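Residue-level structural notes
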Amino acid sequence: MLRGVVSAPCAPSPALPPRGSWAEFPPGPAGAVRALSARLLGLAGDPARDPDPTTYLGLRLGREHNLQLEQHYLERLHRAFQHPYGRSVQAHGYPEQDAELSTGAERPQTGRLALYLLGLRATCPPTKPHRALVTWLKYYLEEDWTGSRRHGHPLTNYYQYGLGVLALCVHHKRVREEVIRRLLEAQHRGRLGHGAVDTEAVLALAFACLERRRLVGAGLAAELRDTVHRVSRSMAQAQGPEGIIGNIYSTPWALQVFLATGMCHTEPAYSRAMAALLENLDAFGTATTMAQVLPVLHGHSYLDIASMHCQEESDTLTPLDVEPPTEVPGNKTVRLVVECAQPWCSELQLYDRRVSTPAAASLLDVLGAATAQEPRFTFDTQDTPQGPYLTQVLGLEARQEKRNYWQLLTAPSTPLLTGVADYIPHDGETLILRLSEW
């Protein structure tokens, strides 16, 4: 528990029936959550999919387990991470001296390595990481720190940096006070970027961990505690009328903060957000999104990883194969509009065309079809833990340092709650990509 913050653990939601009644998925929210866990386990068992530490955390932070399949998945993660981070670091002690990686072998991102280290701590019994892995993570954070000092923001982003600090904290490794204060300043000054719910939540969990594990002095601990509560309150105030905070995929992160601070006992926003997730479980159709929502549906946050106990774990979950989506016959036509709401743009509307695609096409597919239809239409995306993020349209880039982003709307002005790869527009719909400020 957070000292002086949480009086008792928050109950998982929804309430689950006795285990003996789970021979089949019961109706209602409990059965839907259990089915989601079983589907994630089924995806984890697919050898064609690359192992992902987020998936492993989603399985480990559940209330039911399949210990044999989880162990097999962990072994796959070991092979994926230990090869590029192993021998020469052990020999030399510092990543920059690693000859194997200097030849061009691909490195996981800072956030991905942090998630793997979190996964090692969530193993039962916890797996102590090879010291080289922690050395690598500390090295990446120092590289990011250099970028933050030079450019005003990390070379990666504050989300990955926050995951790195959280992973070090969970393994009881200290972080320099100067770095913590730079993160506090970025949070206080609103420099975390568009879609900051996820990033604010990760930083709040890292701050709460540092305070809880007594890895900082008393004065800084008080600042961190106050910041975490301020983040919780601001998230509650930002909740939309349907219970969603940010968008449907950032809502689980907000719930992690509520769980970590104990606000789930007293904050109505917690119950409304949980109800919104249960009403929209169909939106979590990929392994990554399933793994992000399942911990909070089981009443857990990443902060719980630091104090996990594994006595008498329930070894009762069986995998559920995920059937490929049914093909929807026919085609549809979507109107695609691109707007620039920045003062330096000479005109608001930059593009307005109708695009024909298969009926099941996502917004990302629509953008690809627009490029095939008219080569002057260009766009780029960046991979994130929530899926592809739109970064450039018609040569105009969304930049964190310029505080702008590509807002996704359906006409006339309704923001989309899902990303470009998950939103399925309907025939005749008008979609608007608008370069906006945050």
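Here, every reference points to the structure presented above.
Residues numbered from 1 in each chain as written. Predicted model: local features only at pLDDT ≥ 70, side-chain atom pairs only at ≥ 80, totals over all residues. Heavy atoms only, no water.

Let us now look at the sheet that holds strand β7 (residues 414–415). With mixed pairing, five strands are arranged side by side in an open sheet as β2-β1-β8-β6-β7. A strand with exactly one partner marks an edge of an open sheet, and here the two such strands are β2 (349–358) and β7. Here strand β6 (residues 404–410) pairs with β7 via two bridges, running antiparallel. In the sheet register, L409 faces β7, and the bridge partner there is P415. (Pairing = 2+ DSSP bridges. Helix = DSSP H or I, 4+ residues; strand = E, 2+ residues; numbered from the N terminus.)

Bringing helix α2 (residues 53–60) into the picture now. Each turn of an α-helix holds 3.6 residues, which means side chains three or four residues apart point in the same direction. Burial within α2 is extensive, with eight of its eight residues counted as buried. Of all the positions in α2, only P53, T54, T55, Y56, L57, G58, L59 and R60 are classed as buried. Contacts from the buried residues of α2 go to α1 (29–44), α3 (67–82), α6 (110–122) and α14 (287–297). Put simply, D52 is the residue that caps the front of α2, since its side-chain oxygen is 3.0 Å from the backbone nitrogen of T54. (Buried < 20%, exposed > 50% of the residue type's maximum accessible area, 1.4 Å probe, protein only. Contact = heavy atoms within 4.5 Å. Polar contact = N/O pair within 3.5 Å; in protein donor to acceptor, adjacent residues only side chain to side chain.)

This paragraph deals with the pairing of strand β4 (residues 387–393). Sheet analysis places β4 next to strand β5 (residues 396–397), joined by two bridges and oriented antiparallel. Within β5, the position partnered with Q392 by the bridge is E397.

Here we come to the state of the cysteines. This structure, assessed with the given rule, holds one disulfide. Sulfur-sulfur distance for the disulfide between C169 and C209 comes to 2.1 Å. The disulfide joining C169 to C209 has a torsion of about -100° about its S-S bond and is therefore left-handed. Here the residue C169 occupies a position in helix α8 (residues 158–170), and C209 occupies one in helix α10 (residues 196–212), the gap between them amounting to 40 residues. (Disulfide = S-S within 2.5 Å.)

This next bit is on the side chain of T430. Considering the arrangement of structural elements, one finds T430 in strand β8 (residues 430–437). Of the residues examined, T430 reaches a relative accessible area of 16% and is grouped as buried. Sequence-distant contacts of T430, that is, excluding residues within four places in its chain, are made with R335, V337, L409, T410 and A411.

Read these as layout, nothing more, since geometry by itself doesn't imply function.
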